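# Examination of the molecular architecture
One-letter residues, chain by chain:
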Amino acid sequence: MVERSEAEQDQPSYNPRIVAFCCNWCSYAGADLAGTTRVQYPPNVRIVRVMCSGRVDPAFVLKAFTLGADGVIIAGCHPSDCHYINGNEKTATRGDFLSEFLEEAGIESQRFRVEWIAGSEGQKFAEVIRGMVSDLEMLGPVAQEVA
Amino acid sequence: MPENTSTEKEKPRIGVFICHCGSNIGGFVDVKAVTEYASTLPDVAYATDNLYTCAEDGLNNIKETIKEHNLDRIIVASCTPRTHAPLFQRTCEAAGVNKYMFTFVNLREHCSWVHMKEKEKATQKAKDLVRMGVARARFLEPQEETRVDVTPTALVVGGGVSGMTAALSLANMGFPVHLVEKDKELGGFVRSLHALMMTTKSANETIRPLIDKVNAHKNITQHLSSHVASVEGFIGNYDVSIGGDGAEPKEVKVGTIIVATGAVPLVPDGLFGYKEHPGIITSSEFEELCNKKELPRLKSVAFIQCAGARGQKVSYCSRICCNVAIKSAIHIAENRDNILGVTEEKAAEAGEAVEEPAAEKKAEEEGSERRRRRRGRGRQAEDGAGEEGAAPSSGVEVTVFNRDVMAYGVENELEFNKAREKRVKFVRYGPDNLPKVSVKDGKLEVGYFHETLKMERTMPVDMVILSTPLVAQPDAATLSQLLKVPLGQDGFFQEAHVKLRPVDFATDGVYVCGACRGPADIAESVSQAAGAASRASIPLANGFVQAEALTSVVDETKCTGCGTCVEVCPYSALRKNDEGISEVIAAACKGCGCCGATCPEGAITMTHYTDQQLLAEAKAALEEV
């Protein structure tokens, strides 16, 4: 991380790393569809598959940041479309709480997103990744005292 | 380095098979480089690449390699688990490796196909993804799918048409059925009706054979004047307590439960002058008057559709009321079965001929359907022009004030035509211009806005029949809590999936049919009941249910009994045991893992998606290489 100041001057060498927890039924399938339809997006995201977005313990998100993630996404089914009836409602509630908590901890709100991506929304998955990468490129790395 | 969790067991031996998928992956990712990298990762005993891993030689290669290299967990890095996981899992099982020791890495949909113009970065990402897979695989545990025995008996709640049909279907399949009806006799809502659509038989005559069959069936135990007092257990093993009027509750054991509690008509208090004049009644009260032969002589009748529905007292369309009104309108216009209460003697006294409509009916029957329809169409145009013109042939003027007529389906549409042939008038009103019912000098009149003439009109009538929607049973919420199945926003029971699982609840073992899941007519209720019985019979016939292997597991030593997981579980798969500690009902758990993410004590482990496995994956994703 010593070369960060250089990296900031030498613009493009900052490669934000995003961990995306995707539910098996909608958002993982959405990411699959992006592939099937050959929608191109930046290679910054690493997907961890869970059965339901409601499985994602807020502690996972915090842990990902402490391990060096520049951004974290929890992606689930659209409201009322959850494969497990209402797991995504729990995700939404936890997401609100997490955003607040992270901001207090000095992690900018753009670094954490809860997204609803359907299995038919390959394009949306790509847009979310593109949007987050460009947000993170603007922000730069997480301030060291926070991490 | 991640902590080694292979415990005292042998060190994991992971085999990694990286697929070129022709050029789908190989064309955009340096597969050889990824394979080489994979072989350097911890616990990887073997790594290779295949042109097509899913082809027969690819699968054989996996099987042979498992034996040759004594592999105990397998990673295939190729396409998506959503399409190909079962195939590779079967291959693993065929070679003696538990299918839960398999991990999928998605190199095609999530890498090569979305980074087609940056091979170097795509190759780096592919290495990261394989590293994540290996990190996860190291912590995998074999899982067993367990079977739970099923009590081959069913419970049907509700003794109306739906409940009786469902009970009879199951009984005919040979399963004992407990049929619980809160009333003192079977028949439900239909028993209070007089006449039905599309049949000349009365409502009671129509359902009598069904009641007789239920009464006669040796497999059906009836519990009349009874209700479900408590329900414990899960699919295959329910302990149900049936309470009766003052009687000792009866305990029964059942494997599956069908909810068929029907619906009730809305009481339109405060709407359209209801109760302000004896001539303002609901359509169900109209049926009762017909049954009791107390309908007065009428000259002019107005139906008001959607009374209380679609944005008034309830938001939805009750579906069946248009057809009911069309049926009743035809019967009034025909004075069928002399429902207007004008007995022949009375008619003779009054010097009026009531045979006239009957004669016309006869003539009507002789005419061909085709002629009738053509004539209907002609008269339809006439209706629009001379709305208050020609009176119907029975001498009763029938007007149906409606927002739009929902005579869905061919048969109902034909009835709608028939009503127009009988000179029943259909007058539209807008949601902002509801008809106004008023009483002037003891006489009823309906004020309405004529949409074609764009002016206010009034129509003197003898009777106003309010077509009120069916609403949920007042005790639906109690039953929904007992069975832990949901109600929709309108208070009706909510099925698991509006299109694909219309008679299932999301909770396994409980099914739904008839008007308790939304307004339905008899034919629809019967179809649903047959469907629900068929669904409910599957576990009964199998004699067992296959529980998900991926369930949550409670660590009793960590659980404090706070009950958060019980609240969070969408499937009621968690309950507190006698010691107040949470326990998982494996047969009911679907493996979403919401409880695991919520437990404040970290006492819940979600099998196959453990904290350890998921965090290992996330950590591997973020490792600097």
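Residues numbered from 1 in each chain as written. Chains lettered and ligands numbered in written order. Predicted model: local features only at pLDDT ≥ 70, side-chain atom pairs only at ≥ 80, totals over all residues. Heavy atoms only, no water.

## Looking at the overall build of chain B
- Scanning chain B from terminus to terminus reveals 18 helices and 28 strands.
- Relative to all contacts within chain B whose residues are 6 or more apart in sequence, the contacts with residues 24 or more apart total 70%.
- Of the accessible surface of chain B, which amounts to about 27800 Å², a share of 50% is contributed by carbon and sulfur atoms. (Helix = DSSP H or I, 4+ residues; strand = E, 2+ residues; numbered from the N terminus. Contact = heavy atoms within 4.5 Å. Areas by Shrake-Rupley, 256 points an atom, 1.4 Å probe, with all protein chains shown as cover.)

## Examining the pairing of strand S4 (residues 102-106) of chain B
All names here are of chain B.
- By the criterion of burial, S4 is predominantly enclosed, with 5 of the 5 residues buried.
- Of the two faces of S4, the one holding Phe102, Phe104 and Asn106 and the one holding Thr103 and Val105 are both buried throughout.
- Here strand S3 (residues 73-78) pairs with S4 via 5 bridges, running parallel. Its bridge partner lying in S4, Ile74 is registered against Phe102.
- The parallel pair S3 and S4 is bridged by helix H3 (residues 81-94), and the resulting crossover is right-handed. (Buried < 20%, exposed > 50% of the residue type's maximum accessible area, 1.4 Å probe, protein only. Pairing = 2+ DSSP bridges. Right-handed = clockwise from strand over helix to strand, strands pointing away.)

## Describing the packing of helix H1 (residues 31-38) of chain B against helix H5 (residues 119-137) of chain B
Residue and element names in this part refer to chain B.
- Where H1 meets H5, the closest approach of the two axes is 9 Å, and the angle between their N-to-C directions is 35°. Crossing angle aside, the handedness with which H1 passes H5 is right-handed. Side by side, H1 and H5 meet where Ala33, Val34, Tyr37 and Ala38 of the first sit next to Thr123, Ala126, Lys127, Val130 and Arg131 of the second. (Axes fitted to C-alpha atoms, helices over the stretch in contact; angles between N-to-C directions. Left-handed = near helix turned anticlockwise from the far one by under 90°.)

## Side note on the sheet that holds strand S9 (residues 226-234) of chain B
All names here are of chain B.
- Reading across the sheet, the 3 strands line up as S9-S10-S11 and stay open at both edges, with antiparallel pairing between neighbours. Each edge of the open sheet is held by one strand with a lone partner, namely S9 and strand S11 (250-254). The mean angle between the axes of side-by-side strands here comes to 25°, regardless of whether they run parallel or antiparallel.
- Judged from the 5 bridges that link them, strand S10 (residues 237-244) and S11 form a sheet pairing that is antiparallel. For Tyr238, the partnering residue across the bridge sits in S11 and is Val254.

## Looking at helix H18 (residues 611-622) of chain B
- Here H18(B) is 12 residues long and its end C-alpha atoms lie 16 Å apart, about the 16 Å a rise of 1.5 Å per residue gives.
- Next to the buried residues of H18(B) lie strand S1 (18-23), strand S2 (45-50) and helix H3 (58-66) of chain A together with H5 of chain B. (Expected span 1.5 Å × (residues − 1).)

## Looking at empty space enclosed by the protein
Residues and elements named next belong to chain B.
- This model, assessed by the stated rule, comprises 5 cavities of 30 Å³ or more.
- Estimated volume of the largest cavity: approximately 100 Å³.
- Together, 16 residues line the largest cavity, and Ser552, Cys569, Cys589, Cys592 and Cys595 are the ones closest to its centre.
- Its residues assigned to classes, the lining of the largest cavity comprises 12 nonpolar, 3 polar and 1 charged. (1 Å grid on protein atoms, 1.4 Å probe; cavity = no way out; pocket = protein on both sides within 12 Å on 5 of 7 lines; lining within 4 Å. Points joined across faces, edges and corners; volume = space filled by probe spheres on them. Nonpolar A, V, L, I, M, F, W, Y, C, P; charged D, E, K, R; others polar.)

## Regarding the interface of chain B and chain A
- At the interface, 43 residues of chain B touch 46 residues of chain A.
- Summed over both partners, the interface of chain B with chain A comes to about 3700 Å²; 60% of that surface belongs to carbon and sulfur atoms.
- When the shortest N-O distance is used, the salt bridge between Arg46(A) and Asp128(B) registers 2.8 Å.
- For the side of chain B that touches chain A, the elements supplying multiple residues, two or more each, are H3, helix H4 (108-112), H5, helix H17 (594-598) and H18 of chain B.
- Here the element with the most residues in the side of chain B that touches chain A is H18(B); it accounts for 8 residues. (Buried area = accessible area lost by both parts, 1.4 Å probe. Salt bridge = Lys/Arg side-chain N within 4 Å of Asp/Glu carboxyl O.)

## Topic: the pattern of salt bridges
- Inspection of the entire model under this criterion finds 30 salt bridges over all chains.
- The shortest N-O distance in the salt bridge between Glu583(B) and Arg575(B) comes to 2.9 Å.
- Here Arg575(B) falls in the partly exposed class, since its relative accessible area comes to 31%.
- One salt-bridge network, in which partners are shared between bridges, spans Arg46(A), Asp128(B), Arg131(B) and Glu623(B).

## A short note on the environment of Leu139(A)
Residue and element names in this part refer to chain A.
- Secondary-structure assignment places Leu139 in helix H5 (residues 122-139).
- The exposure class assigned to Leu139 is partly exposed, which follows from its relative accessible area of 28%.
- Separated by 31 residues in the primary sequence, Leu139 and Glu108 place their C-alpha atoms 8.4 Å from one another.

## Describing the packing of helix H6 (residues 161-172) of chain B against helix H7 (residues 203-216) of chain B
Residue and element names in this part refer to chain B.
- One way to put it is that H6 packs onto H7 with a least axis distance of 10 Å and a crossing angle of 45°. Between H6 and H7, the angle falls in the class oblique. Crossing hand, H6 versus H7: left-handed. Residue-level inspection shows Val161, Met164, Thr165 and Leu168 of H6 in contact with H7, the latter providing Ile207, Leu210, Ile211, Lys213 and Val214.
- Here the residues of the contact of H6 with H7 sort into 7 nonpolar, 1 polar and 1 charged. (Parallel < 35°, antiparallel > 145°, perpendicular 65-115°, else oblique.)

## Observations concerning the pairing of strand S7 (residues 177-180) of chain B
Residues and elements named next belong to chain B.
- Burial along S7 is two-sided: the face carrying Val177 and Leu179 and the face carrying His178 and Val180 are both buried.
- Here strand S6 (residues 154-157) pairs with S7 via 4 bridges, running parallel. Paired with Val156 across the two strands is Leu179, which belongs to S7.
- Of the crossover connections in this fold, the one passing from S6 over H6 to the parallel S7 is right-handed.
- The pairing of S7 with strand S8 (residues 220-223) spans 4 bridges and is parallel. Pairing of Val177 across the sheet is with Ile220, part of S8.
- Between S7 and its parallel partner S8, the chain crosses via H7, and the hand of that crossover is right-handed.

## Quick notes on unusual backbone geometry
Residues and elements named next belong to chain B.
- Notably, Cys21 is not glycine yet its phi reads approximately 50°, a positive angle.
- Turning to its location among the elements, Cys21 is positioned in the loop between strand S1 (14-19) and H1.
- Look at Arg310: it is not a glycine, yet its phi comes out positive at around 50°.
- Its location among the elements puts Arg310 in the loop between strand S15 (300-304) and helix H9 (321-334).

## Some points on the confidence of the model for chain A
- Put simply, chain A has an average pLDDT of 90, and 90% of its residues get 70 or more.
- Low pLDDT, under 50, characterises residues 1-10 of chain A; the stretch is placed with 7 contacts to residues that sit more than four places away or in other chains. (pLDDT = per-residue confidence, 0-100.)

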